[in-house]
Amino acid sequence: MPASGDLFDPSLIVFAALAVFVIWKLRSVLGMRVDRDTPPQTRFAPRPPAPAAVAPSPVAAPVAQPAARPSGADRWEGVAEKGVASAWSGLDSVAASDPSFDGKTFLSGARRAYEMIVVAFAKGDRETLKPLLSQDVFDGFSAEIARREQQGETMETAVVAIDSATVDAARAIAGRNEVTVRFVARLMSVRRDRAGETIDGGQTRKVVERWTFARDPKANDPNWKLVATQAED
């Protein structure tokens, strides 16, 4: 026993240290169990489900809208001469049967067709002519090309200029629209014989012709075909 006067017992320190160690160990073990059995909400809370991927709505392809139908007193300005009633009323009927018809676009295409056909006819290029002409017109052109071939003749033509191209007449009949264009053009042509000698031509000449183009307004093919030609004196 320690003396009554001795206030400090070293064994108390040992017991106290053991008690602290045991308490710390128990808390450590209990803390690990709590951590495993009941995970803190902030650490293990399930993440909110990611929003489902939504495929973008397909963008609708632009639909070609019919050209605005011309109206008013100037509806065919620059397409047909004013005062030509058959042309203006005829164009009205064509536009009524075919909402996609646009006069200025048609004339632009007619100019290109005129030059292609004139040059292809001079060269005897039936392949180019075939899709541009009706069967009757193609047969007539092909017959003239065959005549030149039999004679050994060759021909070259260049369109120097198309001075004007205006609608001279138009009409809409059952299953067919027809538009006649009056062309005023300057051409240079040279025709040669089998030996290559010039038969005629070589100078620029003015020509005035009326060409009629036709198309079925309900056909998928947007192209117009040449169905008749007429030369003015």
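Check the entry above for the structure.
Residues numbered from 1 in each chain as written. Predicted model: local features only at pLDDT ≥ 70, side-chain atom pairs only at ≥ 80, totals over all residues. Heavy atoms only, no water.

**Looking at the layout of surface pockets**
In step 1: Each pocket or cavity is described by its volume, and for the largest pocket that value is around 510 Å³.
In step 2: Taken together, 21 residues form the lining of the largest pocket, with Phe 106, Gly 109, Pro 222, Asn 223 and Trp 224 sitting closest to its centre.
In step 3: Of all the elements in the fold, those that place two or more residues in the lining of the largest pocket are helix H4 (103-123), strand E3 (198-215) and strand E4 (225-231).
In step 4: Around the second largest pocket, the lining is made up of 17 residues, and of these Val 118, Phe 121, Arg 205, Glu 209 and Trp 211 lie nearest the centre.
In step 5: Contributing elements (two or more residues each) for the lining of the second largest pocket: H4, strand E1 (154-173), strand E2 (176-192), E3 and E4.
In step 6: Per-element accounting of the lining of the second largest pocket gives the leading share, five residues, to E3. (1 Å grid on protein atoms, 1.4 Å probe; cavity = no way out; pocket = protein on both sides within 12 Å on 5 of 7 lines; lining within 4 Å. Points joined across faces, edges and corners; volume = space filled by probe spheres on them. Helix = DSSP H or I, 4+ residues; strand = E, 2+ residues; numbered from the N terminus.)

**So, the pattern of salt bridges**
In step 1: Counting across every chain of the model gives 14 salt bridges.
In step 2: Notably, a salt bridge pairs Glu 153 with Arg 147, separated by 3.5 Å at the nearest N-O pair.
In step 3: Note that Asp 200 is salt-bridged to Arg 191, the shortest N-O span being 2.7 Å.
In step 4: Using a relative accessible area of 36% as the deciding quantity, one classes Asp 200 as partly exposed.
In step 5: Overlapping salt bridges, with partners in common, bring together Glu 144, Arg 147, Glu 153, Arg 191 and Asp 200 in one network. (Salt bridge = Lys/Arg side-chain N within 4 Å of Asp/Glu carboxyl O. Buried < 20%, exposed > 50% of the residue type's maximum accessible area, 1.4 Å probe, protein only.)

**Brief notes about the packing of aromatic side chains**
In step 1: On inspection of all chains with the given rule, the structure shows ten aromatic pairs.
In step 2: Taken together, a centroid distance of 6.4 Å and an interplanar angle of 50° make the contact between Trp 211 and Phe 213 tilted. Neither residue differs from the other here; Trp 211 and Phe 213 are each classed as buried.
In step 3: The rings of Trp 76, Phe 101, Phe 106, Tyr 114, Phe 183, Trp 211, Phe 213 and Trp 224 are connected pair by pair, giving a single aromatic cluster. (Phe/Tyr/Trp six-rings, centres within 6.5 Å; stacked < 30°, edge-to-face > 60°.)

**Observations regarding the pairing of E3**
In step 1: As defined by bridge partners, E2 adjoins E3 across 15 bridges and the pair is classed as antiparallel. For Val 184, the partnering residue across the bridge sits in E3 and is Val 208.
In step 2: Hairpin connection from E2 to E3: five residues lie between these consecutive antiparallel strands, with Gly 196 at a positive phi of about 90°.
In step 3: Here six bridges tie E3 to E4, and the two strands are oriented antiparallel to one another. Of the residues in E4, the one forming a bridge with Ala 214 is Lys 225. (Pairing = 2+ DSSP bridges.)

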